[in-house]
Structure formats: structure tokens, C-alpha cells
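# Survey of secondary and tertiary structure
Each chain is listed here by its residues.
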Amino acid sequence: MVGLTRREVLGLLSGAAGAAALGVPRRARAQKSVETLKVAISGDPGNLHPWMLNGMPMFSTFWPTVYESVLWHDEKMNLVGNLAERWEVTGSDIKLHLKPGVSYHNGKPFEADSVKYAVEQITAPTSKALWKSMIAAVHKTTIHDKHTITLHMDKPFRSVLMNLVTIAMIEPGHAQAAGERIGVQPVGTGPYKFVEYVPGSHLIVERHEGYYGPKPKIARIQFRWIPENGTRLAALESGEVQFINNVPPDQLARVEGNERLKLLSTSTARIIYMGIRTDRKPFDDKRVRQAINFAVDNEAIARTILRGKAQAATTPIAPMILGGDAKLPDYNYDPAKARALLKAAGAEGATVNMGSSNGRYIMDRQVAEAVQGYLQKVGLKVNLETPEWATYIGEVVKGDKAKYDMHLLGWGVITMEPDYQARDHYHSANTKRWTGYVNKELDKAIDEAVLIMDRAKAREAYHKIFATVWDEAPWLFLHYQPELIGVDRRMTGFAPLPDEWLRFPTIDLPA
Amino acid sequence: MPVRYIVRRSLHSLLLLLGVSLVVFLLLHVVPGDPATVLLGEQATPERVAEIRRALGLDRPLAEQYWRFVSRAVRGDFGQSIRAMRPVLPYVLERLPATVELSVGALLVSAGLGIPLGVLAAVRRRSVWDRLSLNLALLAQSAPNFWVGLLLIALFSVKLGLLPVSGRGGFAHLVLPSLTLAIFFVGLVVRLTRSGMLEVLSQDYVRTAWAKGMPERRVVFRHALKNALIPIVTVLGLQVGTLLGGAVVTETVFAWPGMGLLAVQAISQRDYPVVQAIVLLLGAAFVAINWLVDVSYTLLDPRIQHA
């Protein structure tokens, strides 16, 4: 500019820039997120070891925050790469191509030896890992290079591929050094790293600045354990926390009616059902089992007891799982038909000893009481017990010696793999402890279906399997359990998903 | 100091603790439910349950398991938590300060509210203060403390926003849980103090003190209350043991990370080593406190002789 000194030009330019900044609309500037997200979870994990813990939602506090698996689910529950970028299945081998440039929170690189270590530790004969059965079919691993490893099986079990979502990667050197303290000193590859765990009180994680993927917007998460429903809700209402799980259906109004809060819900891959002992009279007769399904109005139960947040079961397995979209004849509520079936089977006025958990699943006791009522309406005499969990599950797994003719349970297929349910509940090798159901043809179908890698063909196979199960009715099919999350209304970046993992790293909450 | 009495009392206490350890061990193994099945949950196959029971030593004969437990316990080794997979003693002791803090808070509230109200009721017998104190005591003893806790949370935390809802932190975090835990004991202390004071106030030496024209304050606090305190100290001493072990409901309502909550979780999970350790430690605390109470009698009233 002619006639102006360098200083004057710089001054003008700065002034112009300042004026422009003041004039920029507020929403165009990046909004600051809260420094610490405060979460209240209903149960304390007790230890943070991903191989030694069984149960949602406790997992989600440290996985996928601190720990990650080689494979994962996207929001549509498709199997996608995570620490493994991609994979190939050739015969009975699964080759994983691991993401380069990933390191653990202690700076050690994540490489193929981590996967080898995990597989060997979990499948060892003396292993106490609770997820052992998920990958027990892997008998050998071969490391090709730092980022390529093959898992070898005797047969091409599709389930093992799907089950890899349950195998979290632990840094081997740290695991060996920490020994039993690994449960309180987790070191993973996740977007958050461990800061502090006080059992019974809280867990704190903070953003891992060296994370290879998108960094979380929130710097810290503090998880607290509040087992009492009323207290957990109060903590959300008072603003002490911004996220809670397990909002009881009968208290939804406290969240939905509060202008500061909102309810997030989804149907999960967990089916709630009552197993029926098919190895004792009169339940060995299919007509009796079908009568039980016609006698119970599972839609009314979902509508009233679960306040419309649950979906009544229309297939033996949640619809979003492979094969769960089978179109099956409806067990519509029909007490007259139920009575006719019972009469034809000579089971009118039969006695049913029923058991249910109490607080393990959402409204489990209340659902069992409703089932009791429905069955009594069609003339059955029902004795219902609802003991505490350890006593209850101990009785149920006595199998043919269990006192319950019917028992309420939930089965969560967090791997989205149908074999996980079909094998455990409908294959006669495993049904002794649940229903005693034996069907050799079905066994054969299940054994064959798990070896089908092609998803379209596998879907067809499972349609047939679930159609048989539906017709044979070794279960009273109730509903798919909902996930009910209460959060601060301003929260974004989070939605509960059917696999029940709570994905905290994507959450944003304005300060 | 009656040495023989103290030695005898101490031996008696040790035998008592051994008895407690045996009872809790047997009870845990007799009640339905198994740690391996609970750990595996719905995934409990007979093979995996057997594997884990073997790994935990639960397949050994009961007598062998008990002997291993006791012989280690005397050395301070209570084994490993089945759930947490960590040594039990430090795991449990981590929770002790929280329970002690809550118990002391509740004790101070019980004594701080209960004794003055009881004294007032006795000194102003049959007045409106007396009736008010007794009715408050009855209400306090009748109200279920989980209900009281939830009510206090709804009012002071959610509605008024004055105090935290849950968890352990500074003094503010201690207020509601202490009040909740103390509520029953406040009622008990009011009634005990009132009846103790009434009995003492009717004694000849107190009448003599009145007759001598001694000020009311001196008669009540220096002469009457000091003597009425003996049964109150006994009860408060016994309550400390109850408070330590009985804070379960309060700790659950307020998510207070104490031993009570841990005990409940350990029982539901059949985490045998943790339950055994907690029962023994609380039992030892209870026994020790009772021992102290007995000894303190001698200090309060030299006339009390120990046979």
C-alpha cells in the first residue's frame, strides 16, 4: 500500500483480523466440551481384566475405552476391522492384517505377538479365562511378520471369526510383569488410558494423546458404581453425573419428564425367555410347550411391564443377528388355543415349578409373576420362586435334577454370532443343563451351519434352525431386552447398540 | 488393673473368633450357589465349572479347605478374591477406612443427638419436651433406614441441591449417610438415656445434692449423667460392632465404598475368601470393642468388681 509504513500495514491487517473474529458467528467457533464426563454404572466390575470378567455393562467402563479388540461392530452390527485392518478366511485359517503404527499406553508397539499371547493365554488348558470357549477351536497361531498373523483351526468355524470381538488385546510385557495386578492396572491400546481405580468407588480414565484413531472430545471419564436404582437416578437428576445405565422401566418418567435429561434406548441382542425342561412330563409333549407360548401375552408384557421399550420375541434369537430375521408363525395370545392344546396333551391342571432371577434382568421378577398369572388363567398350577442370583443359577444348572420345570434367563449374543446361542441352547451336547432338549437332526444342522462362512448361505441355514426351534418350543419366548440409558440432554455422539457395549469414546457434551 | 480377668477375657475372645471362622466357613459351603457357577454365569458348563473349582481349590475336602484357611489367616493371609483376583486382606482393608468413617459419623450423630434429647426428656419429665423426644425416638426406630436414606437424597440432594447424592468425599458426603445409619440408634440412645437418667435422678445422693442447693446443671451433668452413662456406653459400644457390620443398607443406598457393600457383593458372588475375611475382621473388631467396654466399666465405676 503506497504511503503506509510496514508497521501501519501490519496494524491495519491485525485490526481487520480482529474485527473479523468478533464478527464470526458463535456457532462457527469450536464449542468446548466438558473436561470430565461423569458416569454412574449399576455394577462394579471388581477387576478390570477383560478376559476374566463376564458381564455387561461393567466391561464398557474399560473396554472400548482402555482396551480394544482386533475386530469390532459398527453401528449396524456388521463385523468390521479394529486393531486388525482387514482379514481373510481361507479354509480353516483366519489371517489378520493388523494396523501398523499402533502402540499401547506404555509406548510398546501393538504387533502380532500380542494376538498370539492373547490366544495362547485364553485357550491354555489351565486358563481361567471366562471367554475361553469363544476361541477354543484355535489350536495354533503363525506369525508371518509384525503385523500379520494366522489363527489355525481344525474346521472353518465362522463363530471364531465373529467371536474375536470378545478378545481384548493386553500388552504382553505388562501382563507378565503385573501378574495378578493386571486387574487393577490395565494397559491397552484404546482412546483412553487408565488413571485410577478404587474398587467400590470409581474408575478414572483420561484421553490417550497418542491414540492412532479419532481422539475423544472429552478429556476424562469418571465412572462411579451406584447399585441402587433410586440413587443412580437421583445422581442424574441432580447433575452429579451426566450418564447412567439401567434406567428402570417403572421410573422412565423421571428421565423423560425432565427437561434437562433424555432417554436413549434400543432393543438389544439379548433375548429374555423361560427354558422348559423337555425331559419331564408333561413338558416332553410339544403341544404343552406350544400351549405355554399361546397362553402368555408377551406383547402385553412388553407393553406394560417394560413400558413399551421392549420388543416381543418373534424369533428365538434377536432379529439383528444372522438368521434372526426368519419369518415365523406368530405365537399370538390365544388362551383358548392354549387350553385346547393342554387338553389334547392330557396336561390340564398340571403343576409347573417355575424359577426366576430377581434383579439380574430388567423387571425379571415382575415378568415371571405375569407369566405365572397367564399360565394359571389356562388352568396350570404354578409355583414361582425368585431367589437371589447365586442360589438361582446354581439350581438351574443342576439340569435334569433342577427343581424348576421352567426357568427365566436372558441370553445376550454380544458377538452377533448365532452359533453362540444355537450351540449352547439347542444342541443336545449342551442342552442338559438348560432344557434337556434333544433333536439329532437339529444337532446336525447346527454343526453344519457354523462351518458356513458365506453369510447368505449361513442365513438360510439358520432360518431353518430357528424355524425348528420355534415350532418345537423348548422355550417360552418372551422379549428382547431393551437398553435404557439416561443422559444429559445436550449429550451427542452416543447411541446404545444391540451388542450392549457402551461406546463412551465418541461422546461429546458441551461445557 | 485386674490382670487375671484380662487374660481370661482375651483367651475367651480368641476362642470366640475361632468359632466365628468355623461357622462362617460352614455356612458359605452349605448355602446353595457356587463361586465357579456365579463367575461363569449363564456360560457355566459342567466342564468349565469343574475346571475353575479345581483351579480355586474348591474340589478339596472341606476339612482341608478349612485348615488351609485358618493356618493362613493367622499369618494374615486370607487367600485371593475369586472375583477381583487379588490378595484378600489388602482388598478388604482398602474399604475399612470408609466403613470406620461412616460408623464414627453415625456414632457421633447417635450420641450427639440422642444423649441431649434423652437428658432433656428425663429432666423435663412429662412435659411437652419429654413427649416430643419419646415420639421422635419411636419414629426414628420404626422408619426403615433405606427409606430414610432415599428420602434424604430426594430432599437435600435433588430438590435443594445442598448435599451430594452418593459416594465418599469430604464432610458433605458424610452427612446424609451418617444421618441415615444413625437414625435407628438415635431413637435407642434417647430412650436409654432417658430411662437411665430417671433412675439415677431418683437416687438418694441426687436428692441430697438438690437439698444442698446445688445448681441444676451440676446435679444433672456432673452427678446424674456420669452415672447414667454406664449402660449408654455399653450400648454404644455394642452398636459400634453393629454399625461396622450393619451399614450394608446405608452403603448400598449411598454407594458408600465400605466393607458392608463389599460384603453384600461378595456374598452374592460367593466370593468365599472375601466373605470369610470380612466376617473375621468385623468379628475381631466387635470382640475387641466389647473387651474395651468391659475394661472401661472399671474406670467409670471402681465399685464394679470382676470375678
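Owing to the predicted nature of the structure, the values given are computational and were not obtained by experimental measurement. (Residues numbered from 1 in each chain as written. Chains lettered and ligands numbered in written order. Predicted model: local features only at pLDDT ≥ 70, side-chain atom pairs only at ≥ 80, totals over all residues.)

Another aspect to go through is the domain arrangement of chain B. Under the domain assignment used here, chain B contains domain 1 (3-93) and domain 2 (96-257). Centre-to-centre, using C-alpha coordinates, domain 1 of chain B lies 36 Å away from domain 2 of chain B. (Domains from an automatic or database assignment.)

On to the nonpolar core, then. If you look at soluble globular proteins, the nonpolar side chains tend to sit buried side by side. Counting 227 residues, the largest nonpolar core has A:L476 and B:I278 as the members making the most contacts within it. With sequence-adjacent residues up to four places away left out, A:L476 is seen in contact with A:Y273, A:M274, A:I276, A:I292, A:N293, A:V296, A:V371 and A:M406. (Core = buried A, V, L, I, M, F, W, Y, C linked by C-beta atoms within 7 Å. Buried ≥ 20, exposed ≤ 12 C-beta atoms within 10 Å, placed from the backbone. Contact = placed C-beta atoms within 7 Å.)

This paragraph deals with the environment of B:G114. Residue and element names in this part refer to chain B. Mapped onto the elements, G114 comes out in helix 6 (residues 96-123). As a C-alpha pair, G114 and L102 span twelve residues in sequence and 17 Å in three-dimensional space. Contacts of G114, omitting those with residues within four sequence positions, involve V186, V189, V190 and T193. (Helix = DSSP H or I, 4+ residues; strand = E, 2+ residues; numbered from the N terminus.)

For the rest of this paragraph, the subject is the interface of chain A and chain B. Taken together, the contact pairs 41 residues of chain A with 42 residues of chain B. Those elements giving two or more residues to the side of chain A that touches chain B turn out to be strand 10 (220-225), helix 7 (229-237), helix 13 (389-396) and strand 16 (406-412) of chain A. Ranked by residues supplied to the side of chain A that touches chain B, first place goes to helix 13 of chain A with six residues.

Here we take up the environment of B:R4. Residues and elements named next belong to chain B. Structurally, R4 can be placed in helix 1 (residues 3-30). Taking the number of C-beta atoms within 10 Å as the measure of exposure, R4 has 9 and is therefore exposed. C-alpha separation for the pair R4 and L26, spaced 22 residues apart in sequence, amounts to 34 Å.

Here we come to the confidence of the model for chain B. All names here are of chain B. Here chain B averages 86 in pLDDT, and 94% of its residues register 70 or above. Per-element confidence in chain B is highest for helix 8 (residues 145-159), whose mean pLDDT is 94, and lowest for helix 11 (residues 216-246), whose mean pLDDT is 74. Reported confidence for the predicted complex is 0.85 by ipTM and 0.89 by pTM. (pLDDT = per-residue confidence, 0-100.)

All right, on to the sheet that holds strand 7 (residues 148-153) of chain A then. All names here are of chain A. Pairing is antiparallel across the open sheet formed by four strands, whose spatial order is 4-5-7-6. The outermost strands of the open sheet, each flanked by one partner alone, are strand 4 (84-90) and strand 6 (138-145). Across the sheet, the mean angle from the axis of one strand to that of its neighbour is 20°, orientation sign disregarded. Where strand 4 and strand 5 (residues 93-98) come together, six bridges link them in antiparallel fashion. Bridged to R86 within strand 5 is H97. Here helix 3 (residues 112-123) sits on the sheet in contact with strand 5, strand 6 and strand 7, set at roughly 170° to strand 6. (Pairing = 2+ DSSP bridges. Axes fitted to C-alpha atoms, helices over the stretch in contact; angles between N-to-C directions.)

On to unusual backbone geometry. The omega torsion of the bond from A:W63 to A:P64 falls at 20°, within 30 degrees of zero and hence cis. By the secondary structure assignment, A:P64 is in the loop between helix 2 (58-62) and strand 2 (71-73). Of note, the amide linkage connecting A:K281 to A:P282 takes the cis form, showing an omega dihedral of -5°. Structurally, A:P282 is set in the loop between strand 12 (261-276) and helix 9 (286-295). Phi at A:M416 is positive, roughly 60°, even though this residue is not glycine. Position of A:M416 relative to the elements: it lies in the loop between strand 16 and helix 14 (419-426). Even without a glycine there, the phi angle at B:R126 is positive, about 70°. Along the chain, the position of B:R126 falls in the loop between helix 6 and helix 7 (128-142).

Let's shift gears to the pairing of strand 16 of chain A. Strand residues, when the strand is regular, have side chains that alternate between the two faces of the sheet. All names here are of chain A. Burial analysis of strand 16 places six of its seven residues in the buried class, which makes it a mostly covered element. Bridge count between strand 12 and strand 16: seven bridges; the pairing is antiparallel. Considered in strand 16, the bridge of G275 is made with H407. By the bridge criterion, two bridges tie strand 14 (residues 351-355) to strand 16 in an arrangement that is parallel. Each residue of the ladder has a partner; that of M354, found in strand 16, is M406.

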